[in-house]
Structures are given as C-alpha cells and as structure tokens.
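# Structural features, examined
Chain residues, written in single-letter form:
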Amino acid sequence: MYKLMEVCGTHTMAIARAGIRQLLPDNVKLISGPGCPVCVTDQSEIDAVLSLSERKDVIVCCYGDMLRIPGSERGDSLAKRISRGARAEIVFSPADALDIARAEPDKQVVFLGIGFETTAPGTAMAVKLAKERGIENFSLLCLLKRVEPALRALAAGPDFDIDGFLCPGHVAVITGAEAFRFIAEDLRLPAVVSGFEPEDIIRSCSMLLAQIREGRAELENQYTRAVRPFGNPLALAVMDEVLEPSDCLMRGMGIIPGGGFSLRKGYAAFDAKERFGLELKDVPEPAGCLCGQVIQGKAEPSSCPLFGRTCVPEDPVGPCMVSSEGSCAAAYKYGRN
Amino acid sequence: MEDIISLDHGSGGKKTSSLIEKLILPALGNPVLNELGDAAVLKGAEDLVFSTDSFVVSPYFFPGGDIGKLAVCGTVNDIAMQGGIPKYLSLALIIEEGLPAEDLRRVIASAAKAAEEAGVIIATGDTKVVERGKGDGIFINTAGIGFLACPGLSPKNIRPGDKVLVSGTVGDHGTAVMLARSPLLVSAELKSDCRALSALAQALYSLGPDLKVLRDPTRGGVATTLCEFAENTKNSVVLDEKSLPVRPQVRSACDILGLDPLYCANEGKLLAVVSAERAEEALALLKGTEGGEDAAVIGYVDDVHPGRVIEKTPLGTFRILTKLAGAQLPRIC
C-alpha cells in the first residue's frame, strides 16, 4: 500500500469533490494532512476567541470558515454567539477589517489571523498598514501557522507512515517550491507541489508514484503555472517585516516548535493577546472526537464514532466537520457510502 | 430544535426544514399547509394557487435586480411552480427609519415594472416603518393568488427514467449578491438572474401529466432542491456535472469564495422533471421561451441509490450531493 498525504485542506476538498479516490488503484491511498487552518487551531484558542467576542467593545473580524467552528461547550460557536448578540463580521480580506476599524473608532476591531503562509502576507500587510495609518483600535489575534514545522513534527512521530507528500500549491505561491525541499532532502520522501484542478492532482499523484517506483526522493513542481522556485518576494518581505516564527499549539499535536507566527517587537502594540490579556485555558478534546487524529492522517473521518451520528455539519462536535477544508466535512459532503 | 434562532435557520437547507417541521407544523399544520409545496392549492369552484414570501436581501440593490423586483418575481414564481397562472399580489413594506425616499421610489418602480411584465396586479398592500436599527433598510412581504392551470405537480409523480431539466445557468443570483457585499470583488459582469418564471412554466404546462414537478431552486440551490425531490422516495436523481450550465464568471467567483454553484441561490431558473418520452420536447419549449435560451437536460431519475442525489463528475467519478447544511460561508484561502 502506498500512502500519499495531501497537506492542504483545499486539496482535501478538491479530491473529495472530484471523486479522485475512485480513480486510484487499490494499493494507493490519499491521506489528509494537517492543512486545514481552522482545524489545526487549538481548542483553547477557539474558546479564547469565543470569550473575546463577548466583550461589548469588541468586533471580531474573521473569514467565514471560523463562524461555525465549535467551542468546547457543545453547540457553542461564533455563529451562536452572534445570534445571542456578539459582534463578529465576516471579511474577505484583512484590509476589510481595517476599514471596519476606521468606520467604528469607538470599538476594538480584532482580526483573527488564521491560516498558513497563504494568508500570512495579507495579515501582515494589514498590521503594517494599521501602524502606518495609526489605526489604533485594530489588533491581530495571531493564530497563523507554518507548514514546514507542522510536517516535520508529523514526520518525527513514532507511527509516521507516509510514502510521499502532495505539497500545497497556494502556500508555495508565497514561499516558493524550494520551501518544500526539506521533504526530499531531510525526510527522504518524494514531494510534488500540486495545483488544485482535478487534473493537477491526478498528475501530481502520478509524479509521486513514479518517484516511488524509481526509488527517488525529489522535490518536483507540478504547479509551474503559478509557483516559482523562490516564491513571491513582496509577500515574503512583508511577512518577514511584521511576523517572526514562534512556538505554537496545534490541535492534537501539542506545542510545535517554530510552528506559528507572532508579531515582531515593532508591531507588538497590535497583538490582541496582549491588548486583551487573553488567557488560554487547557481544555480536553470533546469526548470521542477524533479531530486531533484526523488532522494528522492517523484516523479516517469514518472511523470516528461520532462521524455522521452525533457530529454532522449542522451540529458539529469537532472543527473538521464544519471547516470548508475539513476532512470530515469533505467525507460527509461528498461520499459517506 | 435549538434554543435560539440563528441565520442558518433561514438558509433554506436542513436547518430551515427542521425549523418548519419541529416548530411551525406542530402548531399550524393542516392538510393544505402540510404539502409544503412552493404554493398551496385551494379547492373551490375554480381552484386557486396561493403563496407568500418575505424578502430581506442585503444589499437591497444588487447587480441585475433589487428587492422590489425580487419580491414580485419570487411570489409569482412560487405560484407558477405549483401550476398556477399568477393574477394578484399583495405587497407589504417594512421600512427602516432613515431609508432614502429615492431608494424607496426605485424599489417601488422596479416592483411595478416586474408586476407588469409578469401580468399580475398588485391588488393590496401595507406600509410599516420601524425605528432606525430595527430593520435593514427595507423588508418586503408579498402574497399572491393565481388560477390553477396545471394540477397535480408534485415530487410524488417522479418515476425512474424521468429526465431533469434546468431552464438556464445555475448560481447567478447567489453569487451576484455575495459579490455585491464585498467591495473588493464587485464585477459588472455578474448579474442576478432575477426574473418571473411564469412564461417558462406555462410553456411546460402543455405537457400535461408528462410534466411531473416544477421547482425554482432559490435558497439552497439546485442541489438542495434535487435532494427534496429524492428524499423519502425510492428514486435517486443522477446529475451530470458536464451538462450543467454554469457561467464561467460564476464558476470563477465561486472558486475564489469557496462556494459551490450547485448550492447558490437562483431567482430566475426552474427545475422540471419530465417523462423521458417528452424531455426533448420540454427542452425545445424552454429554449423557445424568453429566459430559457440556456436550458439543458442535466440528469435523470433511477432507483439505484434510493433517496439520494448522485453527481457524475467530468472525470467519470461519482459524488453524493446532500442538502445545504447552513448558509454558505466564504472560506479562508
């Protein structure tokens, strides 16, 4: 059996939507990795967001994905808090949150910075603009993650058993394909940076399998129409100016050294954690929920005892069931049977 | 049923069904209401078709239409989908204090034009003004009455072998409104498909009992409506993704926002299930009527996966389509 891991949540959805598993030979398996940004966000951080939303002076701004992510109390979510009177706004870009902050100067606007290197530059730019323009009622709750440390931590685990990585094309647009060379050189595994159309994914799988068959462990770029070797220099520069790598929590994986981003000293005034004195309270995973395992590719959605029974998209227990990139959401939506 | 009402309860998907079944029908249910069609059929010397709908769209002006046109077309369409020829509408306005009179004038003029085009008379109405902050500019309720011309339309008539038709491109309205909410993504090329469907529906009435059911796939989109056709029956609906008409702009916008055109609202499209023998004739009738130029046969009914909707992808693989779980939300990246 050859196990290929797609790291990106958008790949997970595309694979399920196009039914690509039905086309693969029986001895090739696609396994979803830790690439769904809201799914890897630790429960303690979700709970901190929910308690922050209760403050009357705060408007939480976030991407739509965050709205239904369940809190540790059953039935709780940002969407539920909005129904009860909290202010949270869906934005399409962090810059929209700056506009809201300017339009409502007597409110504190907190942008939830979620995602991997794909969303980090836009988030960094918003903070930079906030500083330049003196928008002091804006702050960032930085929950951004970095792909490389997450994959290294996964590969260092005792039961790691993956034969090749389908690398996230969107992240690589920013970081460059070279950011994934460590997979070939350090982990000694095949790596292919892949696009998101069904044909891209099938081609990338075929490239990975060819490497496996020929005993190669190389970095290849299938998504050449969008991904350059060294990425987007402007995006990387603004990230580097505003953010620095820091340790972070990931659901089911604990503390990942260098796995997240924090604001650099010059931008610390915009750190929502400091501004609101947010404390993370250690909370157990919901009873029976396997999201922590699913994120790492160690459990399949259908092997979770809650999947499709007590945990469904309209009443989720874990984040993988509601995020538009979640493995459980993909499995539930596009083919349980 | 949950302890508070959330926006998801209004999304037209599973949560809306649960709200209706668990909270409303237990108190108000009766044989006419329990049918839960787009409109009710009222028996009498001449059978009437009766429907009502409320419109709360934000923003109230959007590319391709506005809340006034939508409010007229929405109720006209519900009557037409139940086999009625729409005749009279009521129009009730709930206006938020501070609404510019010019905006109201435009909305009313647009409603008047839509009514004229659909051949209905706005026969009665009401106006209420609520305090600033207690509405979203303007809400409109319309109710409508039509005469029953094509009796018996119902998902219960659907049989294996039947064909599924759509009167045109899918997902235009939902995508246009979503884009109109985002200043970053405003596109002049994307317009709501908001239009009265009475002419298209009447073109199909001539098929008689070979026309099984009509529905306009509004909230929840085509996927949710097809699920309603299949659920609790021995039939499955097989949708061929390749034959589904979707504008390239809509597909691109959905890709960017993380939406699926199959779950985006339509306000000027109908789904028809027709016997296999007369499907080509039905297609020609739709294509020959204004607003039906892009009509297509998009699938068929079988009994392989009872109660389910299956989509055949362009790769030749299959996936299951389920009802919309809650409002579609734009994604992260």
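Note that this is a predicted model, so its numbers are computed, not measured.

The next subject is the overall build of chain B. Looking only at helices and strands, one finds 8 helices and 14 strands in chain B. For chain B, whose C-alpha radius of gyration is 19 Å, the value lies close to the compact-globule estimate of 20 Å for 333 residues. Based on the C-alpha atoms only, the size of chain B along its principal axes is roughly 60 × 55 × 45 Å. For chain B, with 333 residues in total, the buried portion stands at 49%.

With that settled, consider the sheet that holds strand β8 (residues 163–166) of chain B. Residues and elements named next belong to chain B. Read across the open sheet, the 7 strands follow the order β9-β11-β8-β12-β10-β13-β14; overall the sheet is mixed. Since the sheet does not close on itself, it has two edges, and those belong to β9 (211–215) and β14 (318–321), each with one partner. Across the sheet, the mean angle separating the axes of adjacent strands is 25° when strand polarity is ignored. Across 4 bridges, strand β10 (residues 236–240) lies against strand β13 (residues 309–312) in parallel orientation. In the strand pairing of β13, L239 is matched with E311. Against the sheet, helix α8 (residues 279–287) contacts β8, β11 (271–274) and β12 (296–302), and its axis sits at roughly 5° relative to β8.

A few words now on the nonpolar core. Counting residues in each nonpolar core, the largest one holds 115 residues, and the members touching the most others are A:V60, A:C61 and A:L112. Ignoring anything within four residues of it in the chain, the contact list for A:L112 reads A:V49, A:V60, A:C61, A:C62, A:M66, A:L141 and A:L143. Membership of the second largest hydrophobic core comes to 86 residues, among which are B:L89, B:A115, B:A201 and B:V222.

Another aspect to go through is the interface of chain A and chain B. Interfaces are often sized by the accessible area lost when the parts come together. In this complex, chain A contributes 32 residues to the contact, which on the side of chain B involves 24 residues. Looking at the side of chain A that touches chain B, the elements with two or more residues in it are α1 (9–18), α4 (78–83) and α14 (327–334) of chain A. A per-element tally of the side of chain A that touches chain B places α4(A) first, with 3 residues.

Residue and element names in this part refer to chain B. One open sheet holds the 5 strands; their spatial order is β1-β2-β7-β5-β6, and the pairing between them is mixed. Strands with a single pairing partner mark the edges of an open sheet, and in this sheet they are β1 (40–42) and β6 (121–130). For this sheet the average axis-to-axis angle between neighbouring strands, irrespective of direction, equals 20°. For strand β2 (residues 48–55) and strand β7 (residues 138–148), the ladder comprises 8 bridges, and the chain directions are antiparallel.

Right, let's talk about the domain arrangement of chain B for a bit. All names here are of chain B. For chain B, the assigned domains are domain 1 (37–148) and domain 2 (155–321). Of all elements in the fold, only α2 (67–81), β5 (84–96) and α3 (101–118) reach the threshold of two or more residues within the side of domain 1 that touches domain 2. Sort the elements by how many residues they give to the side of domain 1 that touches domain 2 and α2 lands first, with 8 residues.

What follows deals with helix α6 (residues 221–230) of chain B. For α6(B), the tally of buried residues reaches 9 of 10 residues, placing the bulk of the element in the interior. Where α6(B) ends, the next residue or the one after it, B:N232, has phi of about 60°, a positive value.

Conventions we followed
- Residues numbered from 1 in each chain as written.
- Chains lettered and ligands numbered in written order.
- Predicted model: local features only at pLDDT ≥ 70, side-chain atom pairs only at ≥ 80, totals over all residues.
- Helix = DSSP H or I, 4+ residues; strand = E, 2+ residues; numbered from the N terminus.
- Rg over C-alpha atoms; globule rule 2.2 N^0.38 Å.
- Buried ≥ 20, exposed ≤ 12 C-beta atoms within 10 Å, placed from the backbone.
- Pairing = 2+ DSSP bridges.
- Axes fitted to C-alpha atoms, helices over the stretch in contact; angles between N-to-C directions.
- Contact = placed C-beta atoms within 7 Å.
- Core = buried A, V, L, I, M, F, W, Y, C linked by C-beta atoms within 7 Å.
- Domains from an automatic or database assignment.

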